[in-house]
Amino acid sequence: MRKILTACMGVLLATAGLASDVVSSTNQKLSTLGLPPIDRIEQPRANCHNAFDYLYLEGKRGKTLSEAEMQFGREYEAARASNAPCPTPPDSLRARANHHVIETEDAMSVIAGFVSNQKDPVAMFEVGLAFFNSKFGQEPVQEGYNLIKQAAELGEAEALYTQGVLIARGQIDDRVDLKTGLSLIERAATSGHVDALFAAGNFYRGGQGTKKDPKKAFGFFRQAAERGHFYATFVAWDMINNGEGTKQDFDLAYRLSRHLAADGHVYGAVMAASSLLQSKDPMKHQDEILHWLDFAIANGDADVRNKMIPLRQQVKDVFTRPAPPAGYQPRAFKACPMKRTCTVNHYSGLQSCTTAKDYWSDCDG
């Protein structure tokens, strides 16, 4: 059995390419394993300002808008004229405007009023992001960064995270400053910004801009996993599996990987099989282990199959039966309710709430 466990861990490490300094070139490989790119943005970013621009853009394109959406546009312009906080956009519009960057000049002229007259930090960030991304030409790029910085100084989470990433990557003044970048990212993380939580975990796990602190890193990954961050769940599983920053707990590792496998991710099945193989009594879980190995072989790419097929043969040779019975399904897990988390706009007091799958919680008790 020890030989099987060693082989399984070898497969996991070789397949996942886990390392604290994973680079973007790894992303294509991770995608073939059913994992999203590690630098994918998961924090929703929709607010009254980018929603107003998106509404304006759709109107120019001749899209039919709902009465609620049109009413939001009228209320937004009225708020700008009276120096009042902007209204909350309808959910349908927020969904369409997620991660939208302001691009229309007419809408920008209205949105800019929330910056100049009201010092709204969210408006500052959105206008700054548009300038920084050259949506209105090359000249305002530095002005865009200055607005992002001002919004960060006012405590706007998205601005804190963005400025921190830019500084840590050396995209400002061509000078990499991991320590300053981390301090800004951590401030964003305290508000529950899920990408900031994941990034802070990576900084502390790899000792970038700070001393290595696996325990602190694990805490950040756990919080991100609770807010539905897929890759944070994956890294937390790896740390639990290796006893890094937390105690080894193969029951917890199985639960995390099972959530991923239930979502159809191939590597979740590999993780689930590994967790069960390392449990106190793997022979008790023969059918379940073989099920997840078969799932990975059936749904993985050629590399996954080439590594999992010989492992399955090793496992089968030790187990008392070669395959699960026909129609076998792994033990059912009670589905966790979607978790709702909210952040508050420091300027207006308006809440911005998101709902995501909580990969961490044990709904079966």
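In this report, the structure presented in the accompanying data block is examined. Just so it is clear, the model here is predicted, and its values are computed rather than measured. (Residues numbered from 1 in each chain as written. Predicted model: local features only at pLDDT ≥ 70, side-chain atom pairs only at ≥ 80, totals over all residues. Heavy atoms only, no water.)

A short note on the overall build of the protein
A tally of helices and strands in the protein yields 17 helices and two strands. Burial status across the protein gives 51% buried among its 365 residues. In the protein, 63% of the contacts between residues at least 6 apart in sequence involve partners at least 24 apart. Accessible surface, the protein: about 16800 Å² in total, of which carbon and sulfur atoms supply 50%. (Helix = DSSP H or I, 4+ residues; strand = E, 2+ residues; numbered from the N terminus. Buried < 20%, exposed > 50% of the residue type's maximum accessible area, 1.4 Å probe, protein only. Contact = heavy atoms within 4.5 Å. Areas by Shrake-Rupley, 256 points an atom, 1.4 Å probe, with all protein chains shown as cover.)

As for the state of the cysteines
Going through the model one piece at a time under the given rule, you end up with one disulfide. Through a disulfide, C48 is tied to C86; the S-S separation comes to 1.8 Å. Across the S-S bond of C48 and C86 the torsion is about -60 degrees, and the bridge reads as left-handed. Here C86 lies in the loop between α4 (67–82) and α5 (91–97) and C48 lies in helix α3 (residues 48–60), a separation of 38 residues in the sequence. Like C86, C48 is buried. (Disulfide = S-S within 2.5 Å.)

With respect to the packing of aromatic side chains
Going through the model one piece at a time under the given rule, you end up with 11 aromatic pairs. Taking the centre distance of 6.0 Å and the plane angle of 55 degrees together, the rings of F72 and Y76 count as tilted. Of the two residues, F72 and Y76 both sit in helix α4, four residues apart, roughly one turn of that helix. Taken as a pair, F72 and Y76 share a single burial class, namely buried. Considering the side-chain rings of Y204 and F220, the 5.9 Å spacing of their centres and the 20 degrees angle between planes classify their relative orientation as stacked. Taken together, the positions of Y204 in helix α11 (residues 194–206) and F220 in helix α12 (residues 214–226) put the pair 16 residues apart, joining distant regions of the chain. Of the aromatic side chains, those joined through ring pairs into one cluster are F52, Y56, F72, Y76 and F114. (Phe/Tyr/Trp six-rings, centres within 6.5 Å; stacked < 30°, edge-to-face > 60°.)

Quick word on the pattern of salt bridges
For the structure shown, the criterion picks out 14 salt bridges. Salt-bridge contacts for E58 lead to R96; the nearest nitrogen and oxygen are separated by 2.7 Å. One end of the pair, E58, is in helix α3; the other, R96, is in helix α5, and 38 residues separate them in sequence. Here E58 falls in the buried class, since its relative accessible area comes to 5%. A salt bridge links D317 to K316, with the shortest nitrogen-to-oxygen separation between them at 3.9 Å. Residue classification places D317 among the exposed positions, given a relative accessible area of 54%. (Salt bridge = Lys/Arg side-chain N within 4 Å of Asp/Glu carboxyl O.)

Notes on α11
In an α-helix there are 3.6 residues to a turn, and that puts residues three or four apart on one side. Taking 1.5 Å of rise per residue, the 13 residues of α11 would be expected to cover 18 Å, and the 19 Å separating its terminal C-alpha atoms lies within 8% of that figure. With respect to burial, α11 is a largely interior element, 12 of its 13 residues being buried. Residues V194, D195, A196, L197, F198, A199, A200, G201, F203, Y204, R205 and G206 constitute the buried set of α11. Once α11 ends, the next one or two residues include G207, with phi positive near 65 degrees. (Expected span 1.5 Å × (residues − 1).)

Some points on the packing of helix α9 (residues 157–168) against helix α10 (residues 178–189)
Direction vectors running N to C along α9 and α10 enclose 160 degrees, while the axes themselves pass 7 Å from each other. With respect to α10, the element α9 is oriented roughly antiparallel. The handedness of the crossing between α9 and α10 comes out as left-handed. Between α9 and α10, the residues in contact are A157, L160, Y161, Q163, G164, V165, I167 and A168 and L178, T180, G181, L184, I185, R187 and A188, respectively. Partitioning the contact of α9 with α10 into residue classes produces 10 nonpolar, four polar and one charged. (Axes fitted to C-alpha atoms, helices over the stretch in contact; angles between N-to-C directions. Parallel < 35°, antiparallel > 145°, perpendicular 65-115°, else oblique. Left-handed = near helix turned anticlockwise from the far one by under 90°. Nonpolar A, V, L, I, M, F, W, Y, C, P; charged D, E, K, R; others polar.)

Some thoughts on the packing of α3 against helix α6 (residues 105–116)
As a packed pair, α3 and α6 sit with axes 9 Å apart at the nearest point and diverge in direction by 160 degrees. With respect to their mutual orientation, α3 and α6 come out roughly antiparallel. For the crossing formed where α3 meets α6, the hand is right-handed. Between α3 and α6, the residues in contact are H49, F52, D53 and Y56 and D106, A107, V110, I111 and F114, respectively. A breakdown of the residues in the contact of α3 with α6 according to their chemical character gives six nonpolar, one polar and two charged.

Nothing here speaks to function; it is geometry throughout.
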